[in-house]
Amino acid sequence: MAGRNRFSFSNLSSNWFFPNEEKFGFISQVRRCAVSIPSNIAEGAGRSTDKSLSHFLEISYGSICELETQIIISSKLSFISNEPVSYTHLRAHETEADL
């Protein structure tokens, strides 16, 4: 299935330096987005119509955009270095191309 292995953030977020008050909010939101992307692709693939698949692929694309935005904001707030921004941007565009 397209994009199934594109988003792997298990080792990425361990190097982020979020303030304690942001750890449960911001990181949680980033993880929810990262999980949402392949989950919606899989759910759409399991549906019986092309219209349903298209709907879930659109949701996945929205989650990709949201994740990219959160990573960029994190970088601008100096919570993370530019390395995760580049990694996320690359993976997001690979997955977008698959959609």
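Further up the page is the structure itself.
Quick notes on the rules
- Residues numbered from 1 in each chain as written.
- Predicted model: local features only at pLDDT ≥ 70, side-chain atom pairs only at ≥ 80, totals over all residues.
- Heavy atoms only, no water.
- Helix = DSSP H or I, 4+ residues; strand = E, 2+ residues; numbered from the N terminus.
- Buried < 20%, exposed > 50% of the residue type's maximum accessible area, 1.4 Å probe, protein only.
- Areas by Shrake-Rupley, 256 points an atom, 1.4 Å probe, with all protein chains shown as cover.
- Expected span 1.5 Å × (residues − 1).

## Some points on the overall build of the chain
If you tally the helices and strands in the chain, you get four helices and zero strands. Start at the N end of the chain and walk to the C end: the helices and strands fall as α-α-α-α. Across the 99 residues of the chain, 34% fall into the buried class. Taken as a whole, the chain presents about 6,000 Å² of accessible surface, with 52% of it coming from carbon and sulfur.

## Here we look at helix α3 (residues 50–76)
Between its terminal C-alpha atoms α3 stretches 39 Å, which fits the 39 Å expected from 27 residues at 1.5 Å a residue. Turning to α3, its buried residues number three or more, namely Phe56, Leu57, Ser60, Ser63, Ile64, Leu67, Glu68, Gln70, Ile71, Ser74 and Ser75. The first or second residue beyond α3 is serine 78, which carries a positive phi of 60°.

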